[in-house]
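# Chain and residue survey
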Amino acid sequence: MTLVMDGPVVAPRQGAWPLAATIAVAFFGLLIAAVFQLPDPLIRHDDYPALFGDAETYYVKTLTEGRWVNYLWHLRETLLPSWGNYLIYNALWAVVLGCLAHNALGGEAALWRKGAVALIAGLSAPALLISLWFNTLIPGMAILAIYALATTQLSDRTCRWLLVPFVPLALTAYTTYPFFLLALCLTRADAQRSAKDLTALLGLFILCFTLAMASIYTLNYLFHGVFGIPMAEWRMPNPAHDLASLMENMGLIGSFLISSASLVSFHFLPLTVFQMALFGWAVWLVGKSDPWRAIYPLAGICLGMGLIFVQTIKTGITLPPRVSGFVWLYYAVLLGLMSQELAARGAGWGRIGRNLLAFVALIYLAFNVLQHRDVTAWQADSRRMVAQITPADGPIYVSGTYLSLPSGEKSGLQHDLSVAFRLTQLTGRDVVICAMTPEACAHLPEDVQAGASGAQYEVRNLDVGSVIMLSATPIREAAHNIPDGG
């Protein structure tokens, strides 16, 4: 396999300012979208170990998910507040987005156009969902950011060979992060595209991905005695072992596509239709001008989703829609290229291209603001709970069920541990969830153990400790496929 191009390829260097400006626009756009989250961001229950630096709780994920880089991150001694980690995560994400737009459209492209492309990629619904695990994903995002910066300074050929160390590192941080690296390669404006070149790049990536899997398998064997990545029981795996199970697992792909179609439009069907039509138009328009410029992103989408679907069929686990986040890097770039193509036509086409690109970026920004506002309901509710607790050294007891909390429904609380970890974050005290360990609450009065009788929660400060009595009547069902611990 050879990656030698037909001629010298020069990285898109137009000075530091255009790149820095694009990154800055992306960063401020991300902060505007998350303005309601900035003071006190929502944290998913299995992201708290990263906030607390609890490596012991997280260690199981090295076996069941291969997250070895993230485990090393949990071993750090310096801990920051959640808002600090949130700013770091978004700053690193902005670097990735800024470099993507800078490389794909060229440093000479208008700042507004590069900023719009960066925000469309960064404010997609999958990106919004995964951002709620920001404490855990900082090291993985740092790996992406370092590679992204390298693509702005080094030749296309050099950056491709850098996939050899970076893909294994990225895979041990988050399953789909290697596909972000591939997107940075496939969307570069300075690449000399051809069938031979595309085959070589995809072949190299597959080899790197295989190396990454082998590295995780080896680490799991050395430290866990298991050569492989066994699926956690909470994922309810159903490994394919015959034709019937194979067909059943293939049905999961259809379910994933349906749920993703709803998610990527923020559950607004007309937006789904609009985005699909716009994507088709972009592919046609860009492909008409330069077929390989459209083929490269499509190949990246097919390879990435193909590898994910193979894993789905093999293991029988349900895919969360957020795994398609890398697809939106290609989507945003194609829209940016379409805007450039329309601008080149002159007349009114340039205005149409500008308006369409700006409209998509602004609609994503608006939906993100609304989503971030809604998920902060539990943050505010939990602060009110803590304000009613008498300061003490003992544990905080929680009775009733978190499924009774209206704020928990808005914020999508997934587990009793969402309450426990949140209260620990706010108070620094141990929290006992009576539903999980009823024997630890046996000494409490019976009416307290049962939870609040009404729809609202109550806070009681007793001699034995403070008790938050949630309602015992759930208003929703528990989510499935949710990890029990960090």
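Quick notes on the rules
Here, residues in each chain are numbered from 1, in the same order as that chain's written sequence. Owing to the predicted nature of the model, reporting of local features is limited to residues with pLDDT of at least 70; listing and counting of side-chain atom pairs is limited to 80 or more, with chain, interface and lining totals taken over all residues. To obtain the side-chain values, all non-hydrogen atoms of the structure were included, while hydrogens and water were left out. UniProt positions are given in the numbering used here, feature names are shortened, and annotations may be inferred rather than shown by experiment. Each helix is a run of DSSP H or I of at least 4 residues and each strand a run of E of at least 2, with the numbering of both proceeding from the N terminus. To estimate how far a helix should reach, multiply one less than its number of residues by 1.5 Å. Only protein chains enter the calculation, and the probe is 1.4 Å; a residue is then buried if its accessible area is under 20% of its type maximum, exposed if over 50%, and partly exposed in between. It only takes one pair of heavy atoms within 4.5 Å for two residues to be counted as in contact. Here, two cysteine sulfur atoms that lie within 2.5 Å of each other are counted as a disulfide. Each pair of aromatic rings taken from Phe, Tyr and Trp, with Trp reduced to its six-membered ring, is defined by centres within 6.5 Å and is described as stacked if the planes are under 30 degrees apart, edge-to-face if over 60, and tilted in the remaining cases. Counting as a charge over the ring demands two things of the Lys NZ or Arg CZ atom: a distance within 6 Å of the ring centre and an angle within 35 degrees of the ring normal. Like-charged residues within 9 Å of one another, or nonpolar side chains (Val, Leu, Ile, Met, Phe, Trp, Tyr) within 5 Å, are grouped into patches, provided each residue has over 30% relative accessible area and no salt bridge. Accessible surface is estimated by sampling points in the Shrake-Rupley manner with a 1.4 Å probe; for residues, cover comes only from the protein chains shown. Only one rule defines a salt bridge in this text: a Lys or Arg side-chain nitrogen within 4 Å of an Asp or Glu carboxyl oxygen. Residues are called lining when one of their atoms sits within 4 Å of a cavity or pocket point, these points coming from a 1 Å grid over the protein atoms alone, where a cavity is a set in which a 1.4 Å probe fits but cannot get out and a pocket is an open set with protein on both sides within 12 Å along at least five of seven lines. Grid points are joined across faces, edges and corners, and a volume is the space filled by probe spheres set on the points. Ten residues, namely Ala, Val, Leu, Ile, Met, Phe, Trp, Tyr, Cys and Pro, are considered nonpolar, four, namely Asp, Glu, Lys and Arg, are considered charged, and the remaining ones, Gly among them, are considered polar. Note: two strands are recorded as paired if DSSP finds a minimum of 2 bridges between them. For helices, the fitted axis covers only the stretch in contact; all axes are lines through C-alpha atoms, and the angles between them, taken along N-to-C directions, range from 0 to 180 degrees. By nonpolar core is meant a set of buried Ala, Val, Leu, Ile, Met, Phe, Trp, Tyr and Cys residues that side-chain atoms within 4.5 Å join together.

What follows concerns the UniProt feature "transmembrane region" (unreviewed entry) in the protein chain. The feature "transmembrane region" (unreviewed entry), as annotated in UniProt, sits at residues 16–38, 86–105, 117–150, 162–186, 198–223, 293–311, 323–340 and 352–370 in this numbering. The span residues 117–150 is 85% helix and 0% strand, and its two end C-alpha atoms sit 20 Å from each other. Structurally, residues 162–186 comprises 76% helix and 0% strand, and the distance from its first C-alpha atom to its last is 14 Å.

What follows covers helix α1 (residues 16–33). Over its 18 residues, α1 extends 26 Å from the first C-alpha to the last, a length consistent with the 26 Å expected when each residue adds 1.5 Å. Taken together, the buried positions of α1 are Pro18, Leu19, Ala21, Thr22, Ile23, Ala26, Gly29, Leu30, Leu31 and Ala33. Contact partners of the buried residues in α1: α6 (82–105), α7 (111–122), α9 (134–153) and α18 (349–375).

Per the stated rule, a full pass over the model turns up one disulfide. Here Cys302 stays free of any disulfide, with the sulfur of Cys185 as its closest cysteine sulfur at 17 Å. We classify Cys302 as exposed; its relative accessible area is 57%.

We now examine the packing of aromatic side chains. All told, the structure shown has 26 aromatic pairs when counted by the stated rule. Ring geometry for Phe179 against Phe326: centres 5.0 Å apart, planes inclined by 45°, an arrangement best described as tilted. Taken together, the positions of Phe179 in helix α12 (residues 177–186) and Phe326 in the loop between α16 (291–315) and α17 (327–345) put the pair 147 residues apart, joining distant regions of the chain. Classification of Phe326 as buried rests on a relative accessible area of 0%. Joined through ring pairs, the aromatic side chains of Phe266, Phe279, Trp328, Tyr331, Tyr364 and Phe367 make up one cluster. Directly above the aromatic system of Trp73 lies the positively charged group of Arg76, at a separation of 4.0 Å from the ring centroid. The ring of Trp349 is capped by Arg345, whose NZ or CZ atom sits 5.3 Å from the centre of that ring.

What follows covers the environment of Leu403. Looking at the secondary structure, you find Leu403 in the loop between β1 (396–399) and α20 (406–411). Leu403 sits in the buried class, given a relative accessible area of 10%. Placed 71 residues apart in sequence, Leu403 and Pro474 show a C-alpha to C-alpha distance of 4.8 Å. Residues in contact with Leu403, not counting those within four places in the same chain, are Pro474, Ile475, Arg476, Glu477 and Ala478.

Moving on, we come to a nonpolar patch on the surface. Nonpolar side chains collect at one region of the surface, where Tyr221, Leu222, Phe223 and Phe227 lie side by side and expose about 510 Å² of accessible area between them. Considering the arrangement of structural elements, one finds Tyr221 in helix α13 (residues 195–224).

A probe as big as a water molecule, rolled over the atoms, marks out the empty space that is left. Considering only enclosed or pocket space, the second largest pocket measures out at about 500 Å³ in volume. Lining the second largest pocket are 18 residues, with Val264, Met276, Phe279, Val327 and Trp328 positioned closest to its centre. Mapped by element, the contributors of at least two residues to the lining of the second largest pocket are α14 (243–263), α15 (269–289), α16 and α17. Per-element accounting of the lining of the second largest pocket gives the leading share, five residues, to α16. Residue classes in the lining of the second largest pocket are distributed as 14 nonpolar, four polar and no charged.

This model, assessed by the stated rule, comprises three cavities of 30 Å³ or more. Of the voids in this model, the largest cavity is the one considered here, and its volume is about 110 Å³. Around the largest cavity, the lining is made up of 15 residues, and of these Pro126, Ala127, Ile130, Phe180 and Gly325 lie nearest the centre. Contributions of two or more residues to the lining of the largest cavity are made by α6, α8 (125–130) and α12. Residue composition of the lining of the largest cavity, grouped by class: 12 nonpolar, two polar and one charged. Taken as a whole, the second largest cavity encloses approximately 80 Å³ of empty space. Taken together, 14 residues make up the lining of the second largest cavity; nearest its centre are Leu30, Asn90, Gly122, Ser131 and His372.

A word on the sheet that holds β1. The strand order across the open sheet built from four strands is β2-β1-β4-β3, with neighbouring strands paired in mixed fashion. Two strands in the sheet have a free side with no partner beyond their single neighbour: β2 (431–433) and β3 (458–462). Put simply, the sheet's adjacent strands are angled 20° from each other on average, direction ignored.

We now examine the nonpolar core. The biggest cluster of nonpolar side chains holds 138 residues, and the ones touching the most others in it are Trp93, Ile120, Tyr177, Leu335, Met338 and Ile468. The element contributing the most residues to this core is α6, with 13 residues. Beyond its immediate chain neighbours, meaning those up to four positions away, Ile468 contacts Met385, Ile389, Ile396, Tyr397, Val398, Ser399, Leu423, Glu458 and Val459. Counting residues in hydrophobic clusters, the runner-up holds nine residues, among them Cys441, Leu444, Ala452 and Met469.

With that settled, consider unusual backbone geometry. Positive phi values are uncommon outside glycine, yet Met236 reaches one of about 50°. For Met236, the location among the structural elements is in the loop between α13 and α14. Positive phi, close to 55°, is recorded for Phe266, a residue that is not glycine. The residue Phe266 is located in the loop between α14 and α15 in this model. A relative accessible area of 7% places Phe266 in the buried class.

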